[in-house]
Structure formats: structure tokens, C-alpha cells
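Chain and residue survey
One-letter residues, chain by chain:
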Amino acid sequence: MSTQLAENRVAEVEARSAGLRKELGLTDLVLMQIMYVVGASWVGVAAKLGTSHTVFWLLAIAFYYLPQAAVVIFLSRLMPLEGGLYQWTTIALGRFAGFMVAWNLWAYAIVIAAGFGVTIATNAAYVFSGSSATLSSIWWYTPLVSTLVLLGVTMISVLGLRIGRWVQDVGGAGHVLTFAALLIVPLVALAHGRPVAYHPLKVSAPTFTPYSLNILGKMGLGALSGFEYVAIMAGETRSASRNITRSVLVAAPIIALMFILGTDSVIALVPQDRIDLVSPIPQALSVGFAGTGAVQLIAPALILLLLLRHMGVVTMVFNGNTRLPLVAGWDNLLPSWFTRLHPRFRTPVNSILFVSAITIAFSLAGQIGVGVQEAFQLLENAAGILYALTYLGLFAIPLFGARNLQRKPPLWLKIASASGFMMSLLYSTLSVFPIIEVASWLIFALKIITVILVANVIGVAIYFGGRGRRR
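Just so we're clear, the structure is a prediction, and the values are computed from it rather than from any experiment.

1. A short note on the environment of Gly465
- On the secondary structure map, Gly465 appears in helix H16 (residues 441-465).
- Spatially, the C-alpha atom of Gly465 lies 9.5 Å from that of Leu334, the residues being 131 residues apart in sequence.

Printed below as a string of C-alpha cells:
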């Protein structure tokens, strides 16, 4: 695609986006960035590295986080278009590459949203039935509640970002408050005379092993990725070029400090061999506030904040994922049925209903029998690699698609992109192999590879199956 064709495409997408309501501002974007990027479990994963975690965080920031932020800022300034990464890749690398990047991102988001439906139902069981969470053991509870949650998110998405942004903002604020509690809890423990070894930002020499490199890759792409996601809704953002750029600049240092200082808190309060990799923050807060008289209030307050964050994330992921079929429909890669906007709310109603049905189906599939549970867990693990493939596309744009951009990326950005590309490749390669004990690492790896290949073969078939519409 030549520079002139790229300019024409930008104008075309902007014209199509004119029918969308611009609801998102800078504050919304900053809270969305923090809520989406900062996963609660990563401070536990990093804490497994001990005091050398700071070095690994800094390496992940230098070789992946900052390059990602720089590329997203450059491209969002140049092409603030609805569809974000899909549009950038299509313009720079061609229609097929754009579709496949969007396909992998869409498949990843389907699995994530389906998983959040189950997570919200599980957390809600603690609110309704106490610490025993007896509700979750009833066969109909989790399928029913997770489906109702996803139907509620569907309704919010149909109503548009005028409503959805408030759900996302509240979720982002709740997530910030949760981490604020994590950062101060070691000081509370010290004030009550607890023998806590709290040494924030302490650095020790790292040991580089296959295990630690695997963790480094996960700390990079797993923990520090996500800046590009809000750009999917650029056509629904006020002053998109300026505000998306500013949201990255504001959120980036806050996110880095949340991860590094949050890991320090976990290390200070929880022995390394007892760290709960699933829920390290509730674990650290429970230990830190024990004996203070506030511990009885912590659990319900924390569960509420987690529920708010989960609702905000699933709403954001769902909203972004429904925009990908919309923009693919604009390009005749999918039937025009996906491009229909609600006459009142100006949202892609057919795309929303389609994504809702697929997400609910995946959510329910993960709850039917042990065999399907294992298959769904395998698919969830593979979702990380699907996301990594989209980042290979992102970093490939300055490296291989510069000639098609309206402004050429500077040399330093190409070097940063090469670093991010290699980190994404490292993550994709090492994530095929397990870091936990399994019956056979070879079978585990083959299953992961098969899921990735099957998913992408389906995407290729859909792309070439739509050639008639494109003609």
C-alpha cells in the first residue's frame, strides 16, 4: 500500500467513524490503561524471583514496555483510527496481515472475556455466602451467574460508551485503590510491631536461567502489555491522537511503580515458597492486616474492589472486541451485517450480539465436565501466545512497513521496535513449554502449538473465503 493509498484509507476510515459517538476523554483512557495493563497476579509471579525482581522488571521495562509505549504513541498520533492495531497493520503491511493480527487479538479477547465471566461469578459467591463460598459448589450457580454477567455487559455495550465508560472508570479506580492498600500494608504491619523485612526498591544480582528468562518474557508481554487496546476505540475518543498519546505518557510511570512496589510488598509479607500465584494481593493484605482489628473488613472490601475491576475489564475487553468485526466489515472482510449501527445509540449492535453469543458459549464450554475444563484451560494458556502474535505485528510495522506510512519512523524507534519484536518472539517461543510440572512437556507443547495453528488456519480460511465480497 503506497503512501497515497494510506492517506486515502485514513480519510475513508475517518468518514466511516463519523457515525460513532465520541465518548472517551483523557481520564477515561488513563484509568482504562491502568486497569487493563496491571494484572493483579503478576506481583506474585515476580515475587518468586526474590529481591532480583527489580532488575527483571527494569529489563522488561527497557526492552519491551518502553518500546511498546513509543510505537503505540507514534502510530496513534499518525493514524488515530477506529480499529487501532488492525488499521495500522493493514496500512503498513497489507490487508491479509491486518486481518490476521485482528483475528488473533479477537480470539485472545474472546477467551479472556469468557474467563472473566466465570471469575466474577466465583468472587460474587464469597460476597453472598461468606468465606466458604458454598454457592459456587451448586451446579447451576456459576453457569447462570457468568451468563447473566455477560448478558449485562452485552446490554451495556449496546447502550454505548456513554454508559460503559463509567463502568470502566469505576473499575479502574477500584483497581488503583486495591494497589494503594497493597503499597501501604507493610507500613501498617511495621507500625504494629510486626517483624516485617520491608526494603522497597532493594536490588540484588539476578541469576539468568531458562526459568528466569521465561518469567522475564511473561513480565514483559504478559504483565506490561496492553497500551494498544484503547486505540481500537479511537473513533469514539475525543481528540484521539492527543488523548491516546497523553494516556500512555501518564499511565506508563504509574503502572511501572505499581508493579515494582507491589512486588516489594508481597516479598515483605509472604515467604517466597508460600506465595499464592493466583491471588497474591488478597494474600498479602490478609497477612499484613492480621491482628490489627481491620482484617474482618478487608476480605469483603477487597472482593468488592476486585469485582469492580473485573467488571470494568470485561466491559472494556468486550467493547474493544466488538469493534474488530465492525471495521473488518467496513473492508468487506466480513459481511456488511457486522457494520450496522443501532439507530439510537450508534453502536455496532449486530457485532455486539455476535461477540456476546460466542463469548457466552466459550464461558459455558469451560464449565462442562472435567475434559472440557482441561481443554478450556489449555485454550486459555494459548491465549497468551495469540496476544503475542498481535505484538509481532505491532513491532513489525516500523521495521517492515515504514515505506507505506505517511511519516517515516526514526531510527531509534526502529531499534526499539526490534527489541519489542524479539521480546514478543521470546515469549511466544518459551510459552510453548511449561514452567510447572506436567506429565510430558512434549505433549503439552504439541497441544499448545496445535491450538495456535488451528486458530490461525480458521482465520486464513475466513479471510480467503471472503474474496467474493471484496471483489
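Structure shown, so let's carry the discussion forward.
2. Section: the confidence of the model for the protein
- Here the protein averages 84 in pLDDT, while 89% of its residues score no lower than 70.
- Low pLDDT, under 50, characterises residues 370-376; the predicted model gives this stretch nine contacts beyond four residues in sequence or across chains.

3. Some thoughts on the packing of aromatic side chains
- For the coordinates displayed, the defined rule picks out 17 aromatic pairs.
- Arranged with centres 5.8 Å apart and planes meeting at 70°, the rings of Tyr64 and Phe395 form a pair that is edge-to-face. With a gap of 331 residues between them, Tyr64 in helix H4 (residues 53-78) and Phe395 in helix H14 (residues 369-400) connect regions that are remote in the sequence.
- Residue Phe395 is classed as buried on the basis of its relative accessible area of 0%.

4. Quick notes on the pattern of salt bridges
- As enumerated under the stated definition, the model contains three salt bridges in all.
- Between Asp28 and Arg165 there is a salt bridge; the shortest N-O distance is 3.3 Å. Within this pair, whereas Asp28 is found in helix H2 (residues 26-37), its partner Arg165 is found in helix H8 (residues 161-191), the two being separated by 137 residues in sequence.
- Judged by its relative accessible area of 17%, Arg165 is buried.
- Residue Arg323 is joined to Glu236 by a salt bridge in which the shortest nitrogen-to-oxygen separation is 2.8 Å. Of this pair, Arg323 sits in helix H12 (residues 295-330) while Glu236 sits in the loop between helix H9 (210-223) and helix H10 (240-269), and the two are 87 residues apart along the sequence. The same class applies to Arg323 as to Glu236, namely buried.

5. Some points on the packing of helix H7 (residues 141-159) against helix H13 (residues 349-365)
- Two numbers describe how H7 lies on H13: the axes approach to 10 Å, and their chain directions differ by 165°. On the basis of the axis angle, H7 is roughly antiparallel to H13. Crossing of H7 over H13 shows right-handed handedness. Residue-level contacts link Pro143, Ser146, Thr147, Leu150, Leu151, Thr154, Ser157 and Val158 of H7 to Ile352, Leu353, Ser356, Thr359, Ile360, Ser363 and Leu364 of H13.
- Residue composition of the contact of H7 with H13, grouped by class: eight nonpolar, seven polar and no charged.

6. Points about the side chain of Thr154
- As for its placement among the helices and strands, Thr154 is situated in helix H7.
- Exposure remark for Thr154: the relative accessible area of 8% places this residue in the buried category.
- Not counting the four nearest positions on each side in its chain, Thr154 is found in contact with Phe318, Ile352, Leu353 and Ser356.

7. Quick notes on H13
- With 17 residues, H13 extends 24 Å between its outermost C-alpha atoms, agreeing within 8% with the 24 Å of an ideal straight helix rising 1.5 Å per residue.
- Turning to H13, its buried residues are Val349, Asn350, Ser351, Ile352, Val355, Ser356, Thr359, Ile360 and Ser363.

8. As for the nonpolar core
- Membership of the largest hydrophobic core comes to 147 residues, with the highest contact counts inside it found for Trp57, Leu75, Met79, Trp88, Phe227, Ile255 and Phe259.
- Per-element tally for this core: the top contributor is helix H6 (residues 95-129), with 18 residues.
- Met79 has contacts with Val10, Trp88, Ile91 and Leu405, leaving out every residue within four places of it along the chain.

9. Re unusual backbone geometry
- For Asn332, which is not glycine, the phi torsion reads 60° and is therefore positive.
- Relative to the elements of secondary structure, Asn332 occurs in the loop between H12 and H13.
- Since its relative accessible area comes to 33%, Asn332 is described here as partly exposed.
- Here Arg346, not a glycine, exhibits a phi torsion of approximately 60°, which is positive.
- Of note, Arg346 is situated in the loop between H12 and H13.
- Exposure remark for Arg346: the relative accessible area of 29% places this residue in the partly exposed category.

10. Describing a nonpolar patch on the surface
- Judged by side-chain polarity, Ile138, Trp139, Trp140, Leu144, Leu148 and Leu151 come together as a nonpolar surface patch covering roughly 650 Å² of accessible area.
- Mapped onto the elements, Leu151 comes out in helix H7.

Definitions and cut-offs
- Residues numbered from 1 in each chain as written.
- Predicted model: local features only at pLDDT ≥ 70, side-chain atom pairs only at ≥ 80, totals over all residues.
- Heavy atoms only, no water.
- Helix = DSSP H or I, 4+ residues; strand = E, 2+ residues; numbered from the N terminus.
- pLDDT = per-residue confidence, 0-100.
- Contact = heavy atoms within 4.5 Å.
- Phe/Tyr/Trp six-rings, centres within 6.5 Å; stacked < 30°, edge-to-face > 60°.
- Buried < 20%, exposed > 50% of the residue type's maximum accessible area, 1.4 Å probe, protein only.
- Salt bridge = Lys/Arg side-chain N within 4 Å of Asp/Glu carboxyl O.
- Axes fitted to C-alpha atoms, helices over the stretch in contact; angles between N-to-C directions.
- Parallel < 35°, antiparallel > 145°, perpendicular 65-115°, else oblique.
- Left-handed = near helix turned anticlockwise from the far one by under 90°.
- Nonpolar A, V, L, I, M, F, W, Y, C, P; charged D, E, K, R; others polar.
- Expected span 1.5 Å × (residues − 1).
- Core = buried A, V, L, I, M, F, W, Y, C linked by side-chain atoms within 4.5 Å.
- Patch = residues over 30% accessible without salt bridge, like charges linked within 9 Å, V, L, I, M, F, W, Y side chains within 5 Å.
- Areas by Shrake-Rupley, 256 points an atom, 1.4 Å probe, with all protein chains shown as cover.

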